[in-house]
Amino acid sequence: MTVHVATLGFPRIGAHRELKKALESFWAGNSSEADLHQTAAQLRAENWKRQKEQGADILPSNDFSFYDHVLDTSTLVGAVPEIYGKSEGTVSLDTYFAMARGRQTKGAEDHKTCDCGGHHHHEGDVPAAEMTKWFDTNYHYLVPEFTRDQTFHLASTKILDEYREAKKQGFNTRPVLLGPVSFLLLGKSREESFNRLDLLGNLLPVYAEVLRKLHEEGAEWVQIDEPILVLDLDNAARNALKQAYQSLTSSVPTIKLMLTTYFGELGDNLDTALSLPVHGLHVDLVRAPHQLDTLINKAHPELVLSLGVIDGRNIWRADLSALLDRLEKVAPHRNLILAPSCSLIHTPIDVERETILDPEVKSWLSFALQKIEELATLAKALNKGRDAVRAELNKADEAVKSRKTSSRIHNKTVKERAAQKDASLTQRQSAFPIRQKAQEEALNLPLFPTTTIGSFPQTKEVRQARARHAKKEISTAEYDAFLEKETANAIAWQEEVGLDVLVHGEFERNDMVQYFGEQLSGFAFTKHAWVQSYGSRYVRPPIIYGDVARPKPMTLDWWKYAQSCTKKPLKGMLTGPVTILNWSFVRDDQPRSETCRQIAFAIRDEVLDLEKEGCPVIQIDEAALREGLPLRRKDWKHYLNWAVESFRVTASGVQDKTQIHTHMCYSEFNDIIEAIAAMDADVISIETARSKMELLEAFTHHRYPAEIGPGVYDIHSPRVPSVEEMVALLKAAEKKVERRQLWVNPDCGLKTRRWEEVRPAIANMVAAARQLRG
Ligand code: GLN
Ligand code: ZN
């Protein structure tokens, strides 16, 4: 039996970010819909061709998307909320983008977000649909919205068009479709007390119609994604899966379905998956390598197994020889396809474009195109023997060997330090009540102290100066002088407006992770390795390849300069280890927890240096702590333990009187409140403005011991909140937590806002605090 190579989806964005440019030009009215379609068609053609050239023989179609594949699915089945207009026929591109980005009569504005991602509403006349993270990735999808009387109809021909388009180019593709149960479960409903799975009966006929039409066009297989199979499921969900696949197979018996799961193990859903009447099953063997054996034992011998052996979520070259050791035992007995663990949209496209990356580091990396090559090598070795691919295997072996020994990676001092388990490393000198007294004496703050989260508007001037400095159009001295002026102005304004604890404004930072990564050893940065975060927003995550050390202080000079401008306390501003980890590509040759601990020690040294210089208040942002939560509940505890422990490593070296703040840009704390409390920060600031303090529930219920700044200013909106509004919010907060615990601050950093909004909003915020004191 020949082993085949499949991909489950390829990056849509284009090697030169062509899609971003085409979309933004179209949105700005500078190009036509036809132009946009043309660019898209070129990208698809290029992608099919490249994947084939790299050695894939099963190619996906309908993996392309103008914005998001979940939105495409809503569009396919006509699930368009009423506010975007009645949808009887096909959904227009205009409606599609209205759902994606909102519709504004006065000039379009994209989602404004903080770094924590895209879950915030657009500011237009018609808001965009809600966005949220796609499982535990940094990709965001548009949440389908359902009503109790939801109907569905075939409302887009995209999947058929793209199948035909590929066929014309000589590729008989395997179209990709998000499965009906995942689609319903990933959605939400505004009305309560109705079960989205009740809509399955209405939805399945549309899926059947799509499958039938694809089959009529000549498709033999369809990849149907049910990633919810790696989550904790109840019986209702499992029954829905059975109902769905029995119904689809009996309606369209001729099409073969490749049921596709990724991002984890099937675990207790394995039997359900194996009971479904499908022709093939794809499993993630990177996150869950052990499930291969169970699968082989349990799966019907005719079931085609698609093995996700190459990591679709990370950028490391695989250990091909080790994989072959396992696969050679299975290949003779089963009908196998080799594939990436998941769609390749979570990886950058081509490592060959990174021409200035350190060659040794580069030799360890594999992006989307290289991953397909690795799969092709594996398949060839299985089909023709290892000798047929000797050179490729040698290269892979060398990379594995060099990562084991390279001095670029391994730093004995760092490893020894991180291995220390001394309890005092994670323990403040005294318990919170004692620290609170010491801090009261040191800081002498009023009740309801006011502060901000760190960043001030990144104006055009700031961004321009940074770009010009990067291009060497201005010298470092000129750039620094500019930043000093911005900082000094921001401090003068903060004094004037009456804030109690000031910040320097973060004008020197491009990004809260990159800024630190660039100054730490063990990190690499790429030039072209973009990955889609949402819509036309792409990110270039840092690559943590080696042991992490801090060669020298990273923020100290800026803090010293800023503090020299004022007598008020000025917060030191750091990004926490868990956030740095969760927003990077992390090395896979040691547990994530260990890498996190190394980062924690580096940040701890920064904290101690700040304290030594007299910094009275230090904020360690952990914006991404929650998003690192594992997909399965049973794994939460382990993650939270090491995440919290890492935070405590950074924060525990200081004296009682030094006040440690942390900040998190979300507010769902109910299920992790113990862990949040265990971080033992003196002050936590969180996002609460839009939920009207309801989200403080967690903090009352569990009697959070320390101080809290529930955001009173929704920084995702250009609106300037009034004094009365903020007073009302604070009064609501006072009902849930002690007034002595309360701080007054915005929801998040202000870098995406304009000064014209920030100045009056903060003035109102200070006035609100004063009113409460009085
Ligand atoms: N200190 C950062 C800022 O204000 C925090 C950003 C964040 O939490 N996403 O920008
Ligand atoms: Zn935030």
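Residues numbered from 1 in each chain as written. Chains lettered and ligands numbered in written order. Predicted model: local features only at pLDDT ≥ 70, side-chain atom pairs only at ≥ 80, totals over all residues. Heavy atoms only, no water.

### So, the confidence of the model for the chain
Then step 1. Scored by pLDDT, the chain has a mean of 95; 97% of the residues are at 70 or more.
Then step 2. Note on residues 107-111: pLDDT under 50 across the span, and 22 contacts to partners over four residues away in sequence or across chains. (pLDDT = per-residue confidence, 0-100. Contact = heavy atoms within 4.5 Å.)

### Structural notes on the sheet that holds strand β13 (residues 521-524)
Then step 1. The mixed open sheet is built from three strands, whose spatial order is β13-β16-β18. A strand with exactly one partner marks an edge of an open sheet, and here the two such strands are β13 and β18 (585-586).
Then step 2. By the bridge criterion, two bridges tie strand β16 (residues 543-549) to β18 in an arrangement that is parallel. Across the sheet, the residue bridging to Ile-543 is Phe-585, located in β18.
Then step 3. The sheet strands contacting helix α22 (residues 592-612) are β16 and β18, and the helix crosses β16 at an angle near 50°. (Pairing = 2+ DSSP bridges. Helix = DSSP H or I, 4+ residues; strand = E, 2+ residues; numbered from the N terminus. Axes fitted to C-alpha atoms, helices over the stretch in contact; angles between N-to-C directions.)

### Digging into helix α8 (residues 235-251)
One turn of the α-helix equals 3.6 residues, which is why residues spaced by three or four share an orientation.
Then step 1. Across its 17 residues, α8 extends 24 Å between first and last C-alpha, which sits within 8% of the 24 Å expected from 1.5 Å per residue.
Then step 2. Turning to α8, its buried residues are Ala-237, Arg-238, Ala-240, Leu-241, Ala-244, Tyr-245, Leu-248 and Thr-249. The buried residues of α8 occupy one face: seen down the axis, they fall within an arc of 155°. Opposite the buried face of α8, at more than 90 degrees from it, the exposed residues are Asn-235 and Ser-250.
Then step 3. Buried-residue contacts for α8 involve α6 (180-186), α7 (200-217), β8 (221-225), β9 (256-260) and α9 (270-275). (Expected span 1.5 Å × (residues − 1). Buried < 20%, exposed > 50% of the residue type's maximum accessible area, 1.4 Å probe, protein only. Arc of directions from axis to C-beta.)

### Side note on the pattern of salt bridges
Then step 1. Within this structure, the stated rule accounts for 58 salt bridges.
Then step 2. A salt bridge links Arg-408 to Glu-360; the shortest N-O distance between them is 2.4 Å. With a gap of 48 residues between them, Arg-408 in the loop between α14 (390-405) and α15 (412-419) and Glu-360 in helix α12 (residues 359-362) connect regions that are remote in the sequence.
Then step 3. The partner of Glu-473 in a salt bridge is Arg-468, with the nearest N and O atoms 3.3 Å apart. (Salt bridge = Lys/Arg side-chain N within 4 Å of Asp/Glu carboxyl O.)

### Regarding helix α18 (residues 476-497)
Then step 1. Its 22 residues place the ends of α18 31 Å apart at the C-alpha level, agreeing with the 32 Å of an ideal helix rising 1.5 Å per residue.
Then step 2. Buried residues of α18: Tyr-479, Phe-482, Leu-483, Glu-486, Thr-487, Ala-490, Ile-491, Trp-493, Gln-494 and Val-497, and no others. Considered in projection along α18, the buried side chains sweep an arc of 170° and stay on one side of the axis. Residues of α18 that are exposed and point more than 90 degrees away from the buried face comprise Ala-477 and Glu-496.

### Some remarks on the layout of surface pockets
Then step 1. The computed volume of the second largest pocket comes to approximately 1,400 Å³.
Then step 2. Contributions of two or more residues to the lining of the second largest pocket are made by β3 (131-133), β4 (140-142) and α6.
Then step 3. Its residues assigned to classes, the lining of the second largest pocket comprises 16 nonpolar, five polar and 13 charged. (1 Å grid on protein atoms, 1.4 Å probe; cavity = no way out; pocket = protein on both sides within 12 Å on 5 of 7 lines; lining within 4 Å. Points joined across faces, edges and corners; volume = space filled by probe spheres on them. Nonpolar A, V, L, I, M, F, W, Y, C, P; charged D, E, K, R; others polar.)

### A look at the packing of aromatic side chains
Then step 1. In the structure shown here, the tally under the stated rule is 22 aromatic pairs.
Then step 2. An aromatic cluster is built from Phe-26, Trp-27, Phe-64, Phe-66, Tyr-67, Tyr-96 and Phe-97, whose rings are joined through pairwise contacts.
Then step 3. Here the guanidinium or amino end of Lys-20 rests over the ring plane of Tyr-538, the centre of that ring lying 5.4 Å away.
Then step 4. Positioned over the ring face of Phe-263 is Arg-313, at 4.9 Å from the centre of the ring. (Phe/Tyr/Trp six-rings, centres within 6.5 Å; stacked < 30°, edge-to-face > 60°. Lys NZ or Arg CZ within 6 Å of the ring centre and 35° of its normal.)

### Comments concerning the coordination of the zinc ion (ligand 2)
Then step 1. Donor atoms from the polypeptide that coordinate the zinc ion (ligand 2) comprise His-663 (NE2), Cys-665 (SG) and Cys-748 (SG), at 2.1 to 2.5 Å from the metal.
Then step 2. Viewed at the metal, the four donor atoms of the zinc ion (ligand 2) are separated by angles of 80 to 126°, and the geometry they form is irregular.
Then step 3. Classification of Cys-665 as buried rests on a relative accessible area of 3%.
Then step 4. Residue class for Cys-748 comes out buried when judged on its relative accessible area of 6%. (Donors = N, O, S within 2.8 Å, 3.2 Å for Na, K, Ca; no water. Tetrahedral: all angles 85-135°; square planar, octahedral: opposite > 155°, others 65-115°.)

### Re the packing of helix α1 (residues 18-27) against helix α4 (residues 93-101)
Then step 1. It is at 13 Å that the axes of α1 and α4 come closest, and there the two elements cross at 100°. Relative to α4, α1 is oriented roughly perpendicular. Where α1 approaches α4, its residues Leu-23, Phe-26 and Trp-27 are matched on the opposing element by Leu-93, Phe-97 and Arg-101.
Then step 2. Taken together, the residues of the contact of α1 with α4 sort by class into five nonpolar, no polar and one charged. (Parallel < 35°, antiparallel > 145°, perpendicular 65-115°, else oblique.)

### Overview of the environment of Leu-248
Then step 1. Here Leu-248 is to be found in helix α8.
Then step 2. Exposure remark for Leu-248: the relative accessible area of 1% places this residue in the buried category.
Then step 3. Remark: the alpha-carbon pair of Leu-248 and Ala-208, spanning 40 residues in sequence, is separated by 5.8 Å.
Then step 4. Setting aside residues up to four positions removed in sequence, Leu-248 forms contacts with Pro-180, Leu-204, Tyr-207, Ala-208, Leu-211 and Ile-224.

### Side note on empty space enclosed by the protein
Then step 1. Across all of its chains, the model carries six cavities of 30 Å³ or more by this definition.
Then step 2. Roughly 80 Å³ of volume is contained in the second largest cavity.
Then step 3. Every residue lining the second largest cavity is listed: Ile-13, Gly-14, Ala-15, Arg-17, Pro-348, Ile-349, Asp-350, Arg-353, Phe-367, His-528, Ala-529 and Trp-530.

### Some words on the side chain of Arg-597
Then step 1. Along the polypeptide, Arg-597 turns up in helix α22.
Then step 2. Judged by its relative accessible area of 7%, Arg-597 is buried.

### Examining the sheet that holds strand β17 (residues 572-575)
In any sheet, the strands associate via hydrogen bonds between backbone groups, in a parallel or an antiparallel arrangement.
Then step 1. Strand order across the open sheet formed by five strands is β17-β19-β20-β21-β22, with parallel pairing between neighbours. Taken across any chain shown, the strands that pair with only one partner, and hence form the sheet edges, are β17 and β22 (707-710). Taken over all neighbouring pairs, the strand axes of this sheet differ in orientation by 20° on average, direction set aside.
Then step 2. Pairing geometry for β17 and strand β19 (residues 617-621), over four bridges, is parallel. Opposite Leu-574, over in β19, you have Ile-620 as the bridge partner.

### Brief notes about the side chain of Ser-182
Then step 1. Within the secondary structure, Ser-182 sits in helix α6.
Then step 2. Here Glu-226 takes part through its side chain, which lies 2.6 Å from a polar atom of the side chain of Ser-182.
Then step 3. Filtering out sequence-adjacent residues up to four positions away, Ser-182 remains in contact with Asp-225, Glu-226, Pro-227 and Ile-228. (Polar contact = N/O pair within 3.5 Å; in protein donor to acceptor, adjacent residues only side chain to side chain.)

### Some thoughts on unusual backbone geometry
Then step 1. Backbone geometry at Lys-472 places phi at a positive 60°, although glycine is not the residue there.
Then step 2. Structurally, Lys-472 can be placed in the loop between α17 (460-470) and α18.
Then step 3. Since its relative accessible area comes to 73%, Lys-472 is described here as exposed.
Then step 4. Its identity is not glycine, yet Asp-680 carries a phi of approximately 60°, on the positive side.
Then step 5. Relative to the helices and strands, Asp-680 resides in the loop between α24 (673-678) and β21 (683-686).

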